[in-house]
Amino acid sequence: MVCRISELLVASHWPIVIIGAGQAGLSAAHYLWRDGLVPGKDFIVLDAGAGPGGAWRERWDSLTLGSTNHVADLPGFPLGTPDPSVPASAVVSDYYSRFERELELCVVRPAEVVTVNSPTPGSGPLEITTKIDGERIPLSARYLINATGTWTHPYVPFVPGIAEFEGRQLHTANFRDVEDFRGLRTLVVGGGISATQFLLELATVTQTLWATRRPPNFTSREFDGRWGLEVERAVRSRTLAGLAPASVVRTTGLPVRQDFRDGVESEVLVSRGMFDAILPHGVHFPGRVGEAPTTSEGLGPSASDHLALPESWQPFDHERVEEVDVIFWNTGFRAALNHLAPLHLRTPDGGISMETEVSVKDDRRIFLVGYGSASSTVGATRAGRIAARELLKRRTRAPRART
């Protein structure tokens, strides 16, 4: 069910507030529900989206289930085998909607959480300000499960001249249709899976140019279950140390698929290095500087002492200017945690010190799910379960589990 605004106003203090109704938030809600907590009474879910689906709701139509990474099942509610040709946004939005109805979750949307504050650092109620229909509404919580993910916080690195570019700039989050690029020379920036897939799509309608800071991190090993566990272990080691999570592609790598091999052979998937300045109608490449790197500087399971596809790394030898009409930033996302800034959780290294995979070391009231190693769909489901379990242990009176 969807909570009415009047319900939120009547009960302004909540034992538990969940921010975000994506994979991690819904997973946490399920495990609270399974242990006897009542949605709309013992906990409430605030979601900034216009409807169910989380970040999947915003994906482009050409991203079908057959072309995307695996969509993990929500706990106790299998997705099944939908048509792989259907847009992932439609499938997942419907799937999450059915899940919310099944559990009769109390989801308030669209509800944007503006700030989370605490009169007494580390203890007492958390003060939450949320914006609903343009009105700022205060509420408070004993515990907070933050599941805001990364989609609403796209990252674009600063490059001198970025504000002077007269063409079009967009980020992965803003992509809608390949036809928008027809006939326009497009510079794709970034070495992740999105950049490689977009390059192959765009090459059918326009001329492309690929820029990456490091050699593309193609990884020879098989992307199996063991690989996934090693990825999460590598990311978790950084977050537990209070470091900011590394970029996804540095840890996961890129699979050596046949379509990627073909893309390298056709020179579509060949990086020309990184530009160091943006001009009104193009970008400036400094040319190959110093020793050519022999690895992609991967982390965790993607670390290697050689390049799996060395032909994919051919930076320009000499300084040159390349004219482009579009700069397409596929440079990733950062954890959407700005609303938690008043709590001063960040370390000097830019991360957040974590006691466990989901619990904040310096504030036992707060759980971060969908952060660090829990940012994948599989990891997010697990993180929701762990957060609910740890939170229930901290409650003075744990409710009786459902039978």
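Residues numbered from 1 in each chain as written. Predicted model: local features only at pLDDT ≥ 70, side-chain atom pairs only at ≥ 80, totals over all residues. Heavy atoms only, no water.

S.K.: Break down the overall build of the protein chain for me, with residues and values.
M.R.: Across its full length, the protein chain holds eight helices and 16 strands. Put simply, 72% of the contacts in the protein chain that link residues at least 6 apart link residues at least 24 apart. Roughly 18700 Å² of accessible area belongs to the protein chain as shown, and the carbon and sulfur atoms make up 50% of that amount. (Helix = DSSP H or I, 4+ residues; strand = E, 2+ residues; numbered from the N terminus. Contact = heavy atoms within 4.5 Å. Areas by Shrake-Rupley, 256 points an atom, 1.4 Å probe, with all protein chains shown as cover.)

S.K.: Describe in detail helix α3 (residues 88–103), supporting the description with residues and values.
M.R.: Counted at 1.5 Å a residue, the expected span for α3 with its 16 residues is 22 Å, and the 23 Å between its end C-alpha atoms agrees. In this structure, the buried residues of α3 make contact with α2 (23–34) and β3 (107–108). Of the residues trailing α3, Glu104 is marked for its positive phi of about 50°. (Expected span 1.5 Å × (residues − 1).)

S.K.: Explain the sheet that holds strand β7 (residues 168–171) to me, and be specific about the residues and the numbers.
M.R.: Taken together, four strands build an open sheet; the order of strands is β7-β15-β8-β9 and the sheet is parallel. Of all the strands in the sheet, the pair left with one neighbour each is β7 and β9 (208–211). Neighbour-to-neighbour, the strand axes of this sheet turn through a mean angle of 20°, independent of strand direction. Across the sheet, helix α4 (residues 193–202) is in contact with β8 (186–189), β9 and β15 (326–329); its angle to β9 comes to roughly 165°. (Pairing = 2+ DSSP bridges. Axes fitted to C-alpha atoms, helices over the stretch in contact; angles between N-to-C directions.)

S.K.: Any details on the packing of aromatic side chains? Residues and values, ideally.
M.R.: Under the counting rule described, the total for this entry stands at 13 aromatic pairs. Here the aromatic rings of Phe285 and Phe316 are separated by 5.0 Å at their centres, their planes lie at 80°, and the arrangement is edge-to-face. Of this pair, Phe285 sits in strand β13 (residues 282–285) while Phe316 sits in the loop between β13 and β14 (320–323), and the two are 31 residues apart along the sequence. Side by side, Phe285 and Phe316 carry an identical accessibility label, which is buried. Three or more aromatic residues link up through ring pairs in this structure, and these residues are Phe77, Tyr95, Tyr96 and Phe99. Here the basic side chain of Arg59 rests over the ring of Trp151, its NZ or CZ set 4.4 Å away from the ring centre. Here Arg168 stacks its cationic end above the ring of Phe181, 5.6 Å away from the centre of that ring. (Phe/Tyr/Trp six-rings, centres within 6.5 Å; stacked < 30°, edge-to-face > 60°. Buried < 20%, exposed > 50% of the residue type's maximum accessible area, 1.4 Å probe, protein only. Lys NZ or Arg CZ within 6 Å of the ring centre and 35° of its normal.)

S.K.: Before we move on, could you go through the confidence of the model for the protein chain and cite the residues and values that matter?
M.R.: The share of residues in the protein chain with pLDDT of 70 or more is 82%, and the mean pLDDT across the chain is 85. Confidence drops under a pLDDT of 50 for residues 398–403, and excluding neighbours within four residues, the segment shows 14 contacts in the predicted structure. (pLDDT = per-residue confidence, 0-100.)

S.K.: Before we move on, could you go through the environment of His153 and cite the residues and values that matter?
M.R.: Assignment of secondary structure puts His153 in the loop between β6 (135–146) and β7. A C-alpha to C-alpha distance of 8.6 Å links His153 and Leu337, two positions 184 residues apart in sequence. Apart from residues lying up to four places away in sequence, His153 is in contact with Phe333, Arg334, Ala335, Ala336 and Asn338.

S.K.: Any details on the sheet that holds strand β12 (residues 277–279)? Residues and values, ideally.
M.R.: One open sheet accounts for three strands, arranged β12-β13-β14; its pairing is antiparallel. Since the sheet does not close on itself, it has two edges, and those belong to β12 and β14, each with one partner. When the angles between neighbouring strand axes are averaged without regard to direction, this sheet yields 30°. Relative to β14, β13 runs antiparallel, the two being bridged by four bridges. Within β14, the position partnered with Val283 by the bridge is Glu322.

S.K.: Describe in detail the nonpolar core, supporting the description with residues and values.
M.R.: Judged by nonpolar contacts, the single largest core of 63 residues is most densely connected at Ile16, Ile18, Leu32, Phe43 and Ile145. For this core, the two domains that each supply at least three residues are domain 1 (5–152 + 333–397) and domain 2 (168–329). What Phe43 contacts, discounting residues up to four positions off in sequence, is Trp14, Ile16, Ile18, Ala29, Leu32, Trp33, Leu37, Val38 and Leu105. Counting 28 residues, the second largest nonpolar core, distinct from the first, contains Ile19, Ala111, Ile128 and Met354. (Core = buried A, V, L, I, M, F, W, Y, C linked by side-chain atoms within 4.5 Å. Domains from an automatic or database assignment.)

S.K.: Tell me what's going on with a positive patch on the surface, and back it up with residues and numbers.
M.R.: Together, Arg34, Arg385, Arg389 and Lys393 give the surface a local cluster of positive charge. It is helix α8 (residues 377–394) that provides the largest number of residues to the positive patch, a total of three residues. For Arg389, the location among the structural elements is in helix α8. Looking at Arg389, the relative accessible area reads 43%, which means it is partly exposed. (Patch = residues over 30% accessible without salt bridge, like charges linked within 9 Å, V, L, I, M, F, W, Y side chains within 5 Å. Salt bridge = Lys/Arg side-chain N within 4 Å of Asp/Glu carboxyl O. Lys, Arg positive; Asp, Glu negative; His and termini not counted. Charge placed at Lys NZ, Arg CZ, Asp CG, Glu CD.)

S.K.: With reference to specific residues and values, describe the pattern of salt bridges.
M.R.: A pair can form between side chains of opposite charge whenever their charged atoms are brought close. Inspection of the entire model under this criterion finds 12 salt bridges. One salt bridge connects Arg394 with Glu355, and the closest N-O pair in it is separated by 3.7 Å. Taken together, the residues Arg394 in helix α8 and Glu355 in the loop between β15 and β16 (366–368) connect sequence positions 39 residues apart. The salt bridge involving Arg365 is made with Asp363; its shortest N-O contact spans 2.7 Å. One network of salt bridges, in which partners are shared, links Asp47, Glu100 and Arg109.

S.K.: Before we move on, could you go through the environment of Asp133 and cite the residues and values that matter?
M.R.: Tracing the backbone shows Asp133 in the loop between β5 (126–132) and β6. A relative accessible area of 66% means that Asp133 is categorised as exposed. Taking the C-alpha atoms as reference points, Asp133 and Ala111, 22 residues apart in sequence, are found 8.0 Å from one another.

S.K.: Which residues make up unusual backbone geometry, and what are the values?
M.R.: Each neighbour pair has its own omega, and for Arg109 with Pro110 the value is -10°, a cis peptide bond. Phi at Glu267 takes a positive value of approximately 70°, unusual for a residue other than glycine. Inspection of the secondary structure puts Glu267 in the loop between α7 (258–265) and β12.

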